[in-house]
Each structure stands twice: as structure tokens, then as C-alpha cells.
Amino acid sequence: MENSKETGIKKLLENIKKLKSSMAASYIREGKPESDMSRAAVMFNNFFLHFQGVKTHLNTLRPTYTFGLGLIALFLLVFTTISGFLLMIYYNPSIEHAYNTVKDIRYVVFGGDLTRNIHKWAGEGMLIFVILHMARVLYTGSYKRGREFNWVIGIVLLSLTFVLNFTGYLLPWDQLSYWALVIGSNIAQSPKEITDILGITKFFDIGGFQKELLLGGTIPGKETLTRVYFLHIMLLPLFLFTFLGAHFWRVRKDGGLTKPDDFVPSISPEKMGGIFTTHKTYGLMALARGKTPAVDRDVENTVLSWPHLLRAETAVFMLTLAGVLIYSYFVSAPLKELAAPLIPENPAKAPWYFLGLQELVSYSAFMGGIALPSLALLGLGLIPYLDREQDHVGVWFSSRQGLYVTITSFIVGTAVLIGILVIVINFGWFRNWWPDVPQVLITLVNPGTIWVAFTIAWSVLVINRTDSTRMGALALFTLFLLSFLILTYVGTELRGPNWEFYWSRSQWPVH
Amino acid sequence: MYQRFYTALLIVSSVALFIFTLMAGYREITPDYKSYKSEYRDLFRSKATGEFMKKKAESIDFSVQQVYLGKLNRIDRCINCHLGVENPLMEDAEVPFKMHSGNYLETHPVAEFGCTVCHYGQGRATNAEDAHGTDRETHWDWPILPLKYIDSACAQCHDQEMLAENGADRVLRGEKQFVEKGCRGCHKVNGIGGVLGKALDGIGTQPRAYFPMRYVQGDKTAYTWLKEHFDDPRSIVPESEMRIVLLKDEDADLLTTYILTIRADEMPRDYRRIRTGTQEVPGGEELYKMYCIACHTTGKYSVYDEIFKRTIPAIMNPTFLRVADDNQLRRFIEDGRANTQMTDWKEDAAGLTDDEIGRIVEFLAKSRPAKRGKLFGRSIFDGDTARGRDIYETRCALCHGEDGMGGKNRLGISLVTPVVKEADPEFLLQTVRDGREGTPMIPFGSSGINLSDQDILDVVGYVRTIKPTASPKE
């Protein structure tokens, strides 16, 4: 019995000495990632890393392929979540204290102002990067070959990002919050326009119901704040993280990011050790669709994720964090006067990312607030199902023709949309021409519906001319992106008091 | 792969992150008030004599201090820069270290009252710009109150007599202006007053956005707005119908001080020191000033009003009073005059009680001559309207217009308004015969143009038949 010679105390001291190495070894069970084997093991044995493959295709690492957009959106979510936790320590969701606690966060909480800025800008940054990520996925055709439903999940995530930002905008309970809430609740009420036309509002007031559901009353008040807070910190994040998990899981199951079929690396990859051999069998968990490295071809175009992918990811992480910090250092999140129900902001504007919609709402509340955005989301969601051509996946704009279609759509779309806006701004619409025109006609025929009809017509025309549904998808998405940009710009910069047109904010009549 | 690119990106980002983390941290640990505190400590040290004071100077707390005022629902952090308000050594120091003037803090200790309850401003803020809140971009609705209006803050808790006794008489003097310039002739307060202007309830606590700041020259605050608006209403609100009632700059400041005491909120009971005394019942003359003087001025002469575009009648004119008896005066006041700016003053409209109207009538009647005019003795209009028309066109149309509408650039009043249409025959007949002293309306009877009583009957008969050609303008 050799062990009997050692006393318990001696064993304890021995263990204390080895504490550092034994703890490290228990965390990274396969030893330092020095060999290819342990580098692979570090990926698949780590909970946080196993969402990624052990090996990464070179195309994934190509900066000009993804631009790291989805990753940036994810990191922004991380930053906004962490800063949100910090804000929750001080913020009090009651109409008596909400505004005051936000003021305290600004003035006396250590780093409070910076934390609030980070929370705000990371949150709004998410919007931008989620949309850019969506554009990247579309323009590289990455919604194909089994990824169709993941695109739909992406649309859900986009919507959640919008709603999360909007609910956050309401929490400080300042004038911006209050009047954004008024506008939001009026949009929720806008189906009334249709039920009024049909004369059934008395029996079936879906608009009024939606408004009361959001506000917990007929005007924004303490019930509203409770609801909005619950949505912002609990329900919506729950959905967001759940769908995000599904989003990543599917990317992994679909064999990682898309790549061109005829990928030729511009640089010769390092020769990798033989982790994947053609005759190895895999457990079910490791099964993924697509061409895995195991299928002989393309294996030479992969590198080990540790360190290559992780280095790239860390770089993007640092870039994002630095970007958010620098922006937040210089630009403060807005905080206006305390909410005053009797003093309307003029113009009362929704947050900037909804101003495109608000421009549409100014033509017809129902169309702009409910029908057209729903149609846009539906249209986006259907893209993978309407375009089922399976070639040219993983190539920006698919082909030279795709680039041509995109640019043409952009130019034609810009001209048509600006044309429509020029008409509306200079000459008004039906109501100005024939004051007695029935509302149903304006609801059905207004600049918003005409524009949507044009986007559909143009996409069908493109499909007809090119004999390719992929080209139609490029055209449709380009027009969508374009209208988001132009309408948001018009709503933000060119609309002043009473939603009238001004070339710039400096020309607004000073109140 | 792309190893160099990502490594470079990582290094550049990390360096930027590092630098800005340091910068943000530095900004965080060096707020403005800390430099004020160290400056104050040096000043305190140099002034302190004696062991105790020296120790006090050394023990200045550099962390943020605040006065929490639960009942007032406030947190005041002003004392982080205004450090010497309670320190007698700082009597001659410069702002912000200067000791508070007077002995106010003896009866209003900072720990119990804070600062913003009297001075307003944003108590929670910890930098000068946001705390004072004068700049519009600070988005604070109740900026720091200029000292010339500070008396208005006292009135939150103290009655005016007490203030006047203690040297803060500006509120009382302001109220005198308010009453004597007849502000309530157009503005309601507590439901009583005219309807031509906005009600003034709670105006002292209205958020800044309530006041159109476009033409305000000074700070864009409610205080400056009120002051400049009193100097010249139409320079601040071009379409305003308010008359320029003040002559002196000083009066405008006083009136501003008083207006700021009309607040929507009320101090907690523990803070209030309002003595309940018997309210003095205002007499007829005072009521006339309060409600009538803004338009009718002295009441002796009629005036063509450039803003209302009409002539405001001379209601204390003897010839008017001779034809209008007390009951008629009371009816004019109670029901107002349709289609004119004259308000219905009765209790369920502008809010004057029967008693108050009675006192105003009594005051007006003092100017009535003892001798009544000779009566026509008519109770209906029965003149020959065709003849009356001829007389009207030669004698009356010049001032009252062919259409009888009076109006812009004409001396006469409109004859198609209910004022004329519904008047008693005797009232109209005598007015034409005897004229209206102090107005362009000359006597058309024997003492002037020398029309016969029948002529007058005919012309008044005709006037009654004139129909408005278009809807009379306001």
C-alpha cells in the first residue's frame, strides 16, 4: 500500500500546489491546443464553441464574402444585453420614477451615461447590421440548398430586433417615448380604417382591440409602461434568443456558411493533419447537410477553426466593441423633456427606423402601418420558396447578369420612387384634388400601394426577361432595400412640423 | 488564413478600445464638480482660521452629495458646486462658492428645502449647463429662475401680505398690475374671466414647449417669453390680439413675477405658511378695472380699435347712460353683445356673480346725468321706411356705410348687429336725436343737424330693415 505512506494533509497540500494546472486541465480536458487533434477537440468539446465546425472553409474566412455582418450583429446583441443588465439595476419602470431614474443613470451612476449610450447604439446598430447581414445572405444566394427555412427565421429575428428597439425607445418616458407610443398605438389601431369602410367597427373593432392591448387603456399611461417593460426585458428577448439558437443550429447543420461550388483559394492553404478521413464514420450529432470535408473534394480548402476562425472572430469582436465604445463616447443617447400628454411634439415622430413606415402611414394608416409592412415581410419570407434555382450559390450577385439586374433595379427603382414622392410632395394626393373622394379609394390607391405594385411588377418583368427567378429575387430585394433607405431618409430628414416637406431641419419653423 | 489581416484588425481594434476605455474612465472620474470642490477646498483653507474650521476645510467630501427631499419629490445636487451657501466665510466669495444672501437659509435650511424648490432648475443634474437648464438643448422644462422673478417662488408657501411685510412685495405689486390692467377681461383664472385670451390657470408651471419661442430675443425660457410678451405681445406672437397695456419695463417684470405664481401644483401642507384672512370684497371700481378696463379704458370716449377692427363704445359716457337704464346695462353685461368681443359675463359663462355685476352697474351709473332725455314714447318701430332710406343715404351712409355694415376704415359702428337689431326703440331714437358725446356720433335732433322727430322715426325704422349683405366679419 504505497498511498498509505502519504498523510491526508500532504495530499491536500499537493493538490493545492497543482490547483492551477488541475483546474485548467479540467476545463480544457484535451490539453493545450498544440496538436491538430487537441485543436479539434477544443472546438467540439466546448459548449460555446461547438456551434462551429472543427474545420472552417476558407471561403468563410474571406473578409469580402461575409464582411462579418452577422457576427457583428451577434456581438452587438451581447453588448446591448450586458449593458441592459446594468441599466436594469437602476431603472424603475413606473411613470413616476422612470424619467428620474434615467436622469440618475446619466448624472450620478458611475459610467451610467456611457452604459446607456452603449445600450442604445448597440441596439440600433443591431438593426443596421441585421439588415446588412440579410442583404449579404440574399445577394450571395445563401438562402438556398436547405437554408430556406433559416431565412424565414432570419425574418423573424429582424422583426424582433425592430420591436425590441421600439419597446426600448419607450422606457425613458420622455416626450420622445410618449409620442412614439401615441403613434405606435395609432398604427395598431389602423385596421379601423378598413372596418370603418366596411361599416363593421361596431361589432368587430380589431384596431381598437390592438390599441388597447398595447396601451392597457385608451391613452399611454402606467399600464402601458408595465407592458412595454415586460416585452422589452422578458418576452421579446426570450423569443430572440430562442430563435437565435435555432438560427445558429441550422447554419451548423447546413454545413456552415455557403461557398461557391468552384472555390479556388487565392492563397494556398496550409496542409492540415488528417482529422477527417474518407473512411471515418460519424455520430448522428455530427451529421450535417452539404458537402462536408469528408466527401473527398474540397477538403484541402478547409483549415482548423482553432485558431483560424477564432482569430477572425476575436478580431471582429474587438472591432465591434471598439466601434460601439467610440461612438458612445462621442454621441449621447437622446433624452428629452418629461412626457407631457397635453403638449404634442410637432412633428411627433417615431424612432428613425420606423420613419419610412410613418411616411407610408401619412398616405394611409392601414396600408402604411399594417398591410404594406406585413406584405413586405411576407414577400421577403417567400423569396426562398419562389426562387428555387440551386446554382450559383455562394457567389455575390450570382453572376454578371445578377450584378447588372441589381444595379438596373437600383437605378430604375430610385427614379420611380423619387418620382412618386415628388408628385406627392408637390401636388398632394386624391384628398387634395377631390375632397369628397371615398376613403376606400385612397386606402387602395396611394403612393405606398402604387410603389409596392411597381416592385412586384418590376420583379415579374425581370423574371420574364431573364427567365430566372433568382434575378427576380435580386430585383425584388433591391427595391425593398432601396425603399427602406429612401423612405427612412425622407421621413427623418425631409419631414417637418405637420409632416410637411422641408429640405432640411434648419428650415423648420422655430417654435 | 488571412492571418495577417485579422491579426492587424485585432491589434488596431484592441489599441483603439484600450485608448477609449482609458479616456472614458478618465472622463468618468473627473466630473466638473470635482474640480469645483478642489477649488473650493483651497479657498476654504485660505480663509479658515482656528482648528475647527481648518479641519472642516480638509474634510470636504469629493463624492457626489445630494439633498433628498421626499415630500417635495426632489433630489438636489446643486451643493456639489455651490459649496459655500451655508458657510459664513464665503460671504465675499465669487459664485458658485458664495454664501447665500440674506438670512433665508436660517429659516429654510438646505437639508430641509434643497435649492430647486425656490430657484428651480434641474436638481438631479451634476453639470452647470444641465442643472441651470436655460439652454433649450438641455430639454429641461423649468430652468433656473432669474433673481428678479424670485419673489414668485416664495408665493408657493407664503401669502402676499406676509411677503410684502418682509420686503418681497413684488408679487403684490405684480398682482396690482394684473388687476388694474384688466387682464381678466380676456383671461380666465380659476374659471372666472373673459374668453378672448387663453385661460391662465397653471401658466407658472407650464412646460417650455407651451410658449412659442420663435421671436424671443433672450433665453428661450418661459420667464423671458412672458417678460418680452408683456413688452410687446405682437413681437412674440404676431397674430396676438392682446393690447399693449404696460408702459414701463419695470411693470412687465412685476407682472411676470405675479403670473409665475399662478401654478398648477401645490406645496405639501407642511411647507405652506399661508395665513387665512378674510378676503376683501372688491368694489365696483375695482371690478371695472379687473374686467372692463382693458377694452373700455376710462369709458369716457369711444375708440376705434386697430386690433379688433371696430369701435369700442364709451360706456361711461353721460349720453349713453342717459338712454341706457340699469336693467339694460345689466343685460348688456350678463349676455354680452353678440358678434362683438364683448363677453357674456354672467355666472354660468365668464363667472361673475349677480352681486358683482350689480356693483359694476352701480359704478357705471355714477356717471349718469340726473336729467333723463325727453321720451319719444314709442314701443314699436313704425316710421316710413322709404323716407327713412332717403334720409339714411344722405345723412348716415358716410359713416355707417351704404350697407349699414360699418366696419373697417369707417367711423360708424355696424348697424346690422344684434346690438342694434334687438335694442329698444327708445334707446335707438334717443341716441340718434341726442348723439353720443365723446364719439363721432353727433346729435341729429334739434341740438345738431335738426332732423324732426318724424325724420328720426323714419330713419330708425329703415335701419331696422337693413339686412346684412354678407356675414359680418369679426
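Note that this is a predicted model, so its numbers are computed, not measured.

Conventions adopted
- Residues numbered from 1 in each chain as written.
- Chains lettered and ligands numbered in written order.
- Predicted model: local features only at pLDDT ≥ 70, side-chain atom pairs only at ≥ 80, totals over all residues.
- Heavy atoms only, no water.
- Helix = DSSP H or I, 4+ residues; strand = E, 2+ residues; numbered from the N terminus.
- Rg over C-alpha atoms; globule rule 2.2 N^0.38 Å.
- Buried < 20%, exposed > 50% of the residue type's maximum accessible area, 1.4 Å probe, protein only.
- Contact = heavy atoms within 4.5 Å.
- Areas by Shrake-Rupley, 256 points an atom, 1.4 Å probe, with all protein chains shown as cover.
- Lys, Arg positive; Asp, Glu negative; His and termini not counted.
- Charge placed at Lys NZ, Arg CZ, Asp CG, Glu CD.
- Core = buried A, V, L, I, M, F, W, Y, C linked by side-chain atoms within 4.5 Å.
- Domains from an automatic or database assignment.
- Buried area = accessible area lost by both parts, 1.4 Å probe.
- Salt bridge = Lys/Arg side-chain N within 4 Å of Asp/Glu carboxyl O.
- Polar contact = N/O pair within 3.5 Å; in protein donor to acceptor, adjacent residues only side chain to side chain.
- Nonpolar A, V, L, I, M, F, W, Y, C, P; charged D, E, K, R; others polar.
- Patch = residues over 30% accessible without salt bridge, like charges linked within 9 Å, V, L, I, M, F, W, Y side chains within 5 Å.
- pLDDT = per-residue confidence, 0-100.
- Phe/Tyr/Trp six-rings, centres within 6.5 Å; stacked < 30°, edge-to-face > 60°.
- Lys NZ or Arg CZ within 6 Å of the ring centre and 35° of its normal.
- Arc of directions from axis to C-beta.
- Axes fitted to C-alpha atoms, helices over the stretch in contact; angles between N-to-C directions.
- Parallel < 35°, antiparallel > 145°, perpendicular 65-115°, else oblique.
- Left-handed = near helix turned anticlockwise from the far one by under 90°.
- Disulfide = S-S within 2.5 Å.
- Expected span 1.5 Å × (residues − 1).

Observations concerning the overall build of chain B
Secondary structure summary: chain B contains 22 helices and 4 strands in total. Against the compact-globule benchmark of 23 Å for 474 residues, chain B has a radius of gyration of 33 Å, which places it well outside the compact range. With the C-alpha coordinates of chain B rotated into their principal frame, the extents come out at 110 × 70 × 35 Å. Looking at chain B as a whole, 46% of its 474 residues qualify as buried. For chain B, long-range pairs separated by at least 24 residues make up 60% of all intrachain contacts whose partners lie at least 6 apart in sequence. Surface exposure of chain B reaches about 25100 Å², of which carbon and sulfur atoms provide 54%. A gap of 2 Å separates the mean positions of the 63 positive and 71 negative side-chain charges of chain B.

Here we look at the nonpolar core
Counting 77 residues, the largest nonpolar core has A:Tyr91, A:Leu138, A:Tyr139, A:Trp151, A:Ile383 and A:Phe477 as the members making the most contacts within it. Looking at this core, the element that brings in the most residues is helix α21 (residues 469-494) of chain A, giving 12 residues. Among the domains, domain 1 (52-278 + 285-345) and domain 2 (348-511) of chain A are the pair contributing at least three residues each to this core. Other than its neighbours up to four places away in sequence, A:Phe477 contacts A:Met134, A:Ala135, A:Leu138, A:Tyr139, A:Trp151, A:Leu380 and A:Ile383. Membership of the second largest hydrophobic core comes to 46 residues, among which are B:Tyr291, B:Phe363, B:Leu451 and B:Val459.

Describing the interface of chain A and chain B
Listed by partner, the interface residues are 42 residues for chain A and 39 residues for chain B. Carbon and sulfur atoms supply 65% of the area buried between chain A and chain B, which totals about 3800 Å² over both sides. In this structure, the connection of chain A to chain B is made through 2 salt bridges. The residue A:Asp104 makes a salt bridge to B:Arg77 at a minimum N-O spacing of 3.0 Å. Run the count over chain A and chain B and you get 10 residue pairs in polar contact (both at pLDDT 80 or more). Contributions of two or more residues to the side of chain A that touches chain B are made by α4 (58-61), α7 (98-107), α8 (112-139) and α14 (305-330) of chain A. It is α14(A) that contributes the most residues to the side of chain A that touches chain B, 13 residues altogether. Residues belonging to the side of chain A that touches chain B are distributed by class as follows: 26 nonpolar, 8 polar and 8 charged.

Regarding a negative patch on the surface
All names here are of chain B. A cluster of acidic residues, Glu129, Asp135, Glu137 and Asp219, forms a negative patch at the surface. Relative to the assigned elements, aspartate 135 resides in the loop between α7 (128-132) and α8 (151-154). Judged by relative accessible area, which is 37%, aspartate 135 ranks as partly exposed.

Some details on the confidence of the model for chain A
Residue and element names in this part refer to chain A. When the pLDDT values of chain A are averaged, the result is 89; 92% of them are 70 or greater. Contacts for the low-pLDDT stretch residues 269-279, under 50 throughout, to residues beyond four places or in other chains number 24 contacts. Here residues 291-296 is modelled with pLDDT under 50, and outside its nearest four sequence neighbours on either side it reaches 8 contacts, counting other chains as well.

Side note on the domain arrangement of chain A
All names here are of chain A. What the domain assignment lists for chain A is domain 1 (52-278 + 285-345) and domain 2 (348-511). The interface of domain 1 with domain 2 comprises 42 residues on the first partner and 44 residues on the second. It is Tyr139, Lys144 and Glu193 that lose the most area in domain 1 upon contact with domain 2, and together they represent 19% of the buried surface on that side. There are 1 salt bridge connecting domain 1 and domain 2. Among the salt bridges present, the one from aspartate 387 reaches lysine 144, with a minimum N-O distance of 2.6 Å. For the interface between domain 1 and domain 2, the tally reads 23 residue pairs in polar contact (both at pLDDT 80 or more). Taken together, the elements giving at least two residues each to the side of domain 1 that touches domain 2 come down to α5 (63-66), α8, α9 (148-170), α10 (175-188) and α11 (192-198). For the side of domain 1 that touches domain 2, the element with the most residues is α9, which contributes 10 residues.

Observations concerning the domain arrangement of chain B
Taken as a whole, chain B is organised into domain 1 (32-144), domain 2 (162-267), domain 3 (284-365) and domain 4 (385-465). A separation of 41 Å is found between the C-alpha centroids of domain 2 of chain B and domain 4 of chain B.

Here we look at the packing of aromatic side chains
Summed over the entire model, instances satisfying the criterion amount to 47 aromatic pairs over all chains. Between A:Trp173 and A:Tyr178, the aromatic rings sit 5.9 Å apart at their centres with planes inclined by 85 degrees, giving edge-to-face as the arrangement. Taken individually, A:Trp173 and A:Tyr178 each receive the classification buried, so the pair is uniform in this respect. Here a set of aromatic residues connected by ring pairs shows up, and it is made of A:Phe67, A:Tyr139, A:Tyr143, A:Trp151, A:Trp396, A:Phe397, A:Phe477 and A:Phe480. Positioned over the ring face of A:Tyr329 is B:Arg27, at 3.9 Å from the centre of the ring. Positioned above the aromatic ring of B:Tyr210, the side-chain terminus of B:Lys198 is 5.2 Å from the ring centre.

Re helix α12 (residues 206-215) of chain A
All names here are of chain A. Buried residues of α12: Gly207, Gly208, Lys211 and Leu215, and no others. Along the long axis of α12, the arc covered by the buried residues comes to 95 degrees, so they all point the same way. In α12, those exposed residues whose orientation departs by more than 90 degrees from the buried face are Phe209 and Leu213.

A short note on the pattern of salt bridges
Two side chains that carry opposite charge are able to pair once their charged atoms sit near each other. Tallied over the full model, the rule gives 29 salt bridges over all chains. Across the salt bridge formed by A:Asp36 and A:Arg39, the nearest N and O atoms sit 3.4 Å from each other. Taken together, the positions of A:Asp36 and A:Arg39, both in helix α3 (residues 36-44) and 3 residues apart, correspond to about one turn of that helix. You can call A:Asp36 partly exposed: its relative accessible area is 22%. Across the salt bridge formed by B:Arg387 and B:Asp458, the nearest N and O atoms sit 2.3 Å from each other. Residue B:Arg387 is located in helix α19 (residues 385-400), and its partner B:Asp458 is located in helix α22 (residues 453-465); the two are separated by 71 residues in the primary sequence.

As for a nonpolar patch on the surface
All names here are of chain A. A cluster of nonpolar residues, Val78, Ile82, Phe85, Leu86, Met88, Ile89, Tyr90, Phe230, Ile233 and Met234, forms a patch on the protein surface that exposes about 940 Å² of accessible area. For the nonpolar patch, the elements supplying multiple residues, two or more each, are α6 (69-90) and α13 (222-253). Per-element accounting of the nonpolar patch gives the leading share, 7 residues, to α6. By the secondary structure assignment, tyrosine 90 is in helix α6.

Focus: unusual backbone geometry
The omega angle of the peptide bond from A:Trp306 to A:Pro307 is 15 degrees, so this bond is cis rather than trans. Within the element layout of this structure, A:Pro307 appears in helix α14. Cis geometry marks the peptide bond from B:Val95 to B:Pro96, where omega comes out at 10 degrees. Assignment of secondary structure puts B:Pro96 in the loop between β2 (74-76) and α4 (104-107).

With respect to the packing of helix α16 (residues 365-386) of chain A against α21(A)
Two measures define how a pair of helices packs: the angle their axes make with one another and the distance between the axes. All names here are of chain A. The N-to-C vectors of α16 and α21 enclose an angle of 160 degrees; their axes lie 10 Å apart at closest approach. Classed by the angle they form, the pair α16 and α21 counts as roughly antiparallel. The way α16 lies across α21 gives a crossing that is left-handed. Where α16 abuts α21, its residues Ala376, Leu380, Ile383 and Leu386 lie against Thr469, Ala473, Leu476, Phe477 and Phe480. For the contact of α16 with α21, the residue count by class is 8 nonpolar, 1 polar and no charged.

Overview of the state of the cysteines
Residue and element names in this part refer to chain B. Here the structure, examined in full by the defined rule, presents 0 disulfides over all chains. With no disulfide partner, cysteine 78 has as its closest neighbouring cysteine sulfur the one in cysteine 115, 3.9 Å distant. Cysteine cysteine 81 shares no disulfide, and the gap to the nearest cysteine sulfur, in cysteine 78, comes to 8.8 Å. You can call cysteine 81 buried: its relative accessible area is 13%.

Concerning α10(A)
Residues and elements named next belong to chain A. The end-to-end C-alpha distance of α10, which contains 14 residues, comes to 20 Å, matching closely the 20 Å that a straight helix rising 1.5 Å per residue would cover. Across the 14 residues of α10, 12 count as buried, placing the element largely inside the fold. Buried residues in α10 make contact with α9, α12, α13 and α15 (355-361).

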